[in-house]
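Next come the chains, spelled out residue by residue.
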Amino acid sequence: MPVTFKSGARARREALGGDTESYKVVCRMCHGGCGTIVHMRDGRIFDVVGDPEHPVNKGKLCSKAGKASIEQIYHPDRLDYPLMRTGERGSGQWRRASWDEALTFIADKMQGIKQQYGAEGMAFARGMGLNNTNMVSRIANLFGTPNVIAISYFCYAVRVAACQITATGKFSGKSWDGAVVPDFYSNPKCMVEWGSQKRTSNDHGLIGHTPMTDALRGQPKHIIIDPRWSASAGPADIWLPLRPGTDAAMAMGWINLIIEEDLYDHAFVEKYCHGFEELRERAKEYPLSRVAEITWCDPEMIARAARLYATTKPACMVLGNGTDHAGLNTFQSVRALFCLMAITGNIDVPGGNIFYPAVPLAYPDLKEKLSPEQTAKRIGGSRFKALDRHGFAHPPTSLRAMLTNDPYPVRGLVVVGSNIETTYPNTRMVIDALKSLNLLVVHDIFMTPTTALTDVVLPAAGNLERDEPRLHLHIKGPRATYMDNVSAKLVSIAERKSDWEFIIELGRKLGFEDYFTSIEAIADEALAPIGMTWEELKAREYVEFPLQYRKYEKVGFGTPTGKFELYSTMMRDWGYDPLPSHIEPPESPVRTPERYKDFPLVLITGAKQPMYMHSQSRQLESIRRLAPEPLLEIHSQTARALDIREGDFAWIETARGRLRMKAHLHERIHEKVVAIPHGWWRPEEDGPLHGIFETCSNILTDDDPDQCDFSFGSSPLKGLLCRVYKASDEIAGAAH
């Protein structure tokens, strides 16, 4: 594959007069990769602006970058030195330690757990994809534990896993990127936003705000499938506010209509698809009348949307966490959407949904070092086979094992950049599980509710404080994938260390010196297949891997049949349903009608606030003033019936708990649905809880593995039954 090197290296400095210098740096305040220009004077950063020459963001930045990124570096509450607990868990009693003392303690405790319980008695946890994925797996595999947990089980990775068994397969991560994504750069004529807020968020290296905004300026037909029409989505031609958790039914209804009305792409289906007749028969179970009943949407609007998507070419679908959080039917809901893309001929064509090229790297995860015997012990692996294939243990089942010793004791956990106390379902259970451990270690940039319960807290380096090649979630730009570096180490403060630096030093303490020599050695090994060293990569702004369309015409698809598998042979072999279908959410008006009488509204958690990245940045004044607190979104008509006005405090209650939030009323949400954001806590409140029982959405969610997706294990964070009622003035005032 031809590779183009871009000049203008971020390592090159431009003198601006006096002691002021300017650097081109990739922003990592989220897992994206917007281009920035960082200005420094006398060794201190004083300004961060967008890089107008960067091909993806074109000089534009979101609220998380710029001033907020400087604020994060120099914030007085940053963790600067290792801390070791001296009192009870959560007591806030610590003493400062050296890195050597802290790492020696951790390594000794890990070896003790391994000796007593086996290597599987230790687990690792990581947060979102901030380039530590391969390094966390590297140390876990060498240590011998199969138990790495990550929020990926309900965020993005489910789309990668579903796409791998449907289309990309053996090409995934080698020549093709794992997941199919919208081609914003080729003038799509129809855009379907399905459970996504892409203009104010991003995933899989696809930056949303500038590319999608530019695509919408071309005035494509715009369809929104979401119970909540986010303000950032802008105008739409059709809005289908479906009942949460019924995405598969909606998609199968579209498939049925498109096939019945002969609107599908015969040439693509006949030559490149496997299982079309089986899909046709399954789709017959979803006539418009049934789909309308299941989804709470108007049948004529459903039909209009399906026809518009099928007949307006090229068309792309923009997916997000809406389907990732469906619980029981997450995997097949996503597969149904992939099937829609395929039968309409919108796969890997300009303006459709495409497979970006993968950067051919030698990933340093050392998965071959984990023996088959240890791999077989992965918690949840035999039950959630798609998750097991992806290399993750099941988080809810793993956390339960810490309390129950089922299937075996898990006594230690090393957490790298994850506030799991706020981001995993059933917060009460998560807290109990963490408290039960013999060893809990957290590496993070701030003290959080999770770090408050640890034995050892380690100070992490953040954006503009770390430097390594990007090995995960490469940026998808104008007709190319971009290989770049992660941030840049422009400042070094106190004893903060990057994720890579921490893992390398811990690996050496554990006796794996040969595998943890240096960042440079690991980076050079990973980059070897593209014929570059890390120093050579750092001398360039990025390396461009050009996009090619319709790759399947030359090599087919990466599945066992070599075709796009509407009927999945791998799902069949695993013992799962090989075709998509609707499964009722674990609690719903249909499945649990008695509960619905007491909890007559449907709750979606995880509504994105564009200024926050999951549980981060609540300490940063420039961001916090944009959204000082979490809000309950509720339809104006529903609120009036409950005597709730704009700004009133209200209770949101499920069968598992309740929260108080201020109400925000509008008409861009289904009358029977309410929404709250996720990841909330209050750093300004006393630890160890920091207000999570007043603000954290996962107080209301369920971790029951029986309610998780049957193949990938995703938890139901949307489609929960709830009731909402006005809080009394006295209680509301106390909460405020």
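Everything discussed here concerns the structure shown above.
A few points on the structure.

**What about the overall build of the protein?**
Counting its regular elements, the protein contains 27 helices and 33 strands. In summary, the protein has a C-alpha radius of gyration of 25 Å against a globular reference of 27 Å for 736 residues, a match within 12%. The burial tally for the protein puts 66% of its 736 residues in the buried class. For the protein, long-range pairs separated by at least 24 residues make up 75% of all intrachain contacts whose partners lie at least 6 apart in sequence. In the form shown here, the protein has an accessible surface area of approximately 25100 Å², with 48% of it arising from carbon and sulfur atoms. The positive charge centre, built from 86 side chains, and the negative charge centre, built from 91, are 2 Å apart in the protein.

**Observations regarding the packing of aromatic side chains**
Applying the stated criterion across every chain, the model contains 23 aromatic pairs. When the centroid spacing of 6.0 Å and the interplanar angle of 40° are considered together, the rings of Trp254 and Tyr309 count as tilted. Here Trp254 is found in helix α6 (residues 247–260), whereas its partner Tyr309 is found in helix α10 (residues 299–311), with 55 residues between them in sequence. In terms of burial, Trp254 and Tyr309 fall into one category: buried. Seen in terms of ring centroids, Phe355 and Phe557 are 6.4 Å apart; in terms of plane orientation they differ by 75°. Their pairing is edge-to-face. With Phe355 in the loop between β18 (353–354) and α13 (372–375) and Phe557 in the loop between α21 (552–555) and β27 (564–565), this residue pair connects regions lying 202 residues apart in the sequence. For Phe355, a relative accessible area of 0% corresponds to the buried category.

**Remarks on empty space enclosed by the protein**
Taken as a whole, this structure holds 8 cavities of 30 Å³ or more when the rule is applied. Around the largest cavity, the lining is made up of 31 residues, and of these Leu130, Gly417, Asp444, Ile445 and Gln616 lie nearest the centre. When its residues are assigned to classes, the lining of the largest cavity shows 11 nonpolar, 16 polar and 4 charged. One number sums up the size of the second largest cavity: a volume of about 150 Å³. Forming the boundary of the second largest cavity are 14 residues, of which Phe154, His325, Thr423, His678 and Leu717 lie nearest the centre.

**What about the pairing of strand β14 (residues 221–225)?**
Sheet faces and side chains relate simply in a regular strand, where the side chains alternate between the two faces. Among the 5 residues that make up β14, 4 are buried, leaving the element largely enclosed by the rest of the structure. With 5 bridges connecting them, strand β11 (residues 190–194) and β14 associate as parallel partners. Bridge pairing in β14 links Cys190 to Lys221. Direction of pairing for β14 relative to strand β15 (residues 238–240): parallel, over a ladder of 3 bridges. Counterpart to Ile223 in the pairing with β15 is Ile238.

**Side note on the layout of surface pockets**
One number sums up the size of the second largest pocket: a volume of about 340 Å³. In terms of lining, the second largest pocket is formed by 20 residues, of which the most central are Arg228, Lys608, Gln609, Pro610 and Glu633. Of all the secondary-structure elements, those providing two or more residues to the lining of the second largest pocket are β29 (631–635) and β31 (657–666). Counted by class, the lining of the second largest pocket contains 8 nonpolar, 7 polar and 5 charged residues.

**What about the pattern of salt bridges?**
Per the counting criterion, the structure on display carries 46 salt bridges. The closest approach of N and O atoms between Lys58 and Asp214, which form a salt bridge, is 3.0 Å. Taken together, the positions of Lys58 in the loop between β5 (44–50) and α1 (67–73) and Asp214 in helix α5 (residues 209–217) put the pair 156 residues apart, joining distant regions of the chain. In this structure, Lys489 engages Glu501 in a salt bridge whose closest nitrogen and oxygen atoms are separated by 3.1 Å.

**Details of unusual backbone geometry**
For the bond running from Lys313 to Pro314, omega is -10°, close enough to zero to count as cis. Relative to the assigned elements, Pro314 resides in the loop between α10 and β17 (315–319). Not every positive phi belongs to a glycine, and Leu464 is a case in point at roughly 70°. Following the sequence through the fold, Leu464 ends up in the loop between β21 (456–459) and β22 (468–469).

**As for the side chain of Thr330**
Locating Thr330 in the fold gives a position in helix α12 (residues 330–343). By relative accessible area, Thr330 is classed as buried at 0%. The residues contacting Thr330, other than those within four sequence positions of it, are Val158, Thr323, Asp324, His325, Asp709 and Ser714.

**A word on the sheet that holds β21**
Spatially, 7 strands are ordered β7-β6-β21-β20-β19-β8-β9 in an open sheet, and the strand pairing comes out mixed. Edge positions in the sheet fall to β7 (94–96) and β9 (148–150), since each of these pairs with one other strand and no more. Pairs of neighbouring strands in the sheet enclose a mean axial angle of 20°, with direction left out of account. Two strands pair when backbone bridges link them, and strand β8 (residues 122–126) and β9 are joined in this way by 3 bridges, in the parallel orientation. Bridged to Phe124 within β9 is Val148. Of the strands in this sheet, β8, β9 and β19 (412–416) are in contact with helix α3 (residues 133–143), which crosses β8 at around 175°.

**Quick look at the sheet that holds β15**
Taken together, 4 strands build an open sheet; the order of strands is β15-β14-β11-β17 and the sheet is parallel. Both edges of this open sheet fall to β15 and β17, since each of them pairs with a single strand only. In this sheet, adjacent strand axes meet at a mean angle of 15° when their direction is disregarded. Sheet topology note: the β11/β17 ladder contains 5 bridges and is parallel. Note that in β17 the partner of Cys190 across the bridge is Ala315. Most of the contacts of α6 go to β11, to which it runs at about 155°, and overall it touches β11, β14, β15 and β17. Each of β11, β14, β15 and β17 touches α10; the most contacted strand, β15, lies at about 125° to it.

**Here's the deal with the packing of α6 against helix α9 (residues 288–295)**
Two elements in contact, α6 and α9, have axes separated by 9 Å at closest approach and are oriented at 165°. Compared by their axis directions, α6 and α9 come out roughly antiparallel. For α6 against α9, the interelement crossing comes out left-handed. Side by side, α6 and α9 meet where Ala249, Met250, Gly253 and Leu257 of the first sit next to Leu288, Val291, Ile294 and Thr295 of the second.

**Examining the nonpolar core**
Membership of the largest hydrophobic core comes to 182 residues, with the highest contact counts inside it found for Trp194 and Trp254. If you tally residues by element for this core, the top one is α12, at 10 residues.

Analysis parameters
- Residues numbered from 1 in each chain as written.
- Predicted model: local features only at pLDDT ≥ 70, side-chain atom pairs only at ≥ 80, totals over all residues.
- Heavy atoms only, no water.
- Helix = DSSP H or I, 4+ residues; strand = E, 2+ residues; numbered from the N terminus.
- Rg over C-alpha atoms; globule rule 2.2 N^0.38 Å.
- Buried < 20%, exposed > 50% of the residue type's maximum accessible area, 1.4 Å probe, protein only.
- Contact = heavy atoms within 4.5 Å.
- Areas by Shrake-Rupley, 256 points an atom, 1.4 Å probe, with all protein chains shown as cover.
- Lys, Arg positive; Asp, Glu negative; His and termini not counted.
- Charge placed at Lys NZ, Arg CZ, Asp CG, Glu CD.
- Phe/Tyr/Trp six-rings, centres within 6.5 Å; stacked < 30°, edge-to-face > 60°.
- 1 Å grid on protein atoms, 1.4 Å probe; cavity = no way out; pocket = protein on both sides within 12 Å on 5 of 7 lines; lining within 4 Å.
- Points joined across faces, edges and corners; volume = space filled by probe spheres on them.
- Nonpolar A, V, L, I, M, F, W, Y, C, P; charged D, E, K, R; others polar.
- Pairing = 2+ DSSP bridges.
- Salt bridge = Lys/Arg side-chain N within 4 Å of Asp/Glu carboxyl O.
- Axes fitted to C-alpha atoms, helices over the stretch in contact; angles between N-to-C directions.
- Parallel < 35°, antiparallel > 145°, perpendicular 65-115°, else oblique.
- Left-handed = near helix turned anticlockwise from the far one by under 90°.
- Core = buried A, V, L, I, M, F, W, Y, C linked by side-chain atoms within 4.5 Å.

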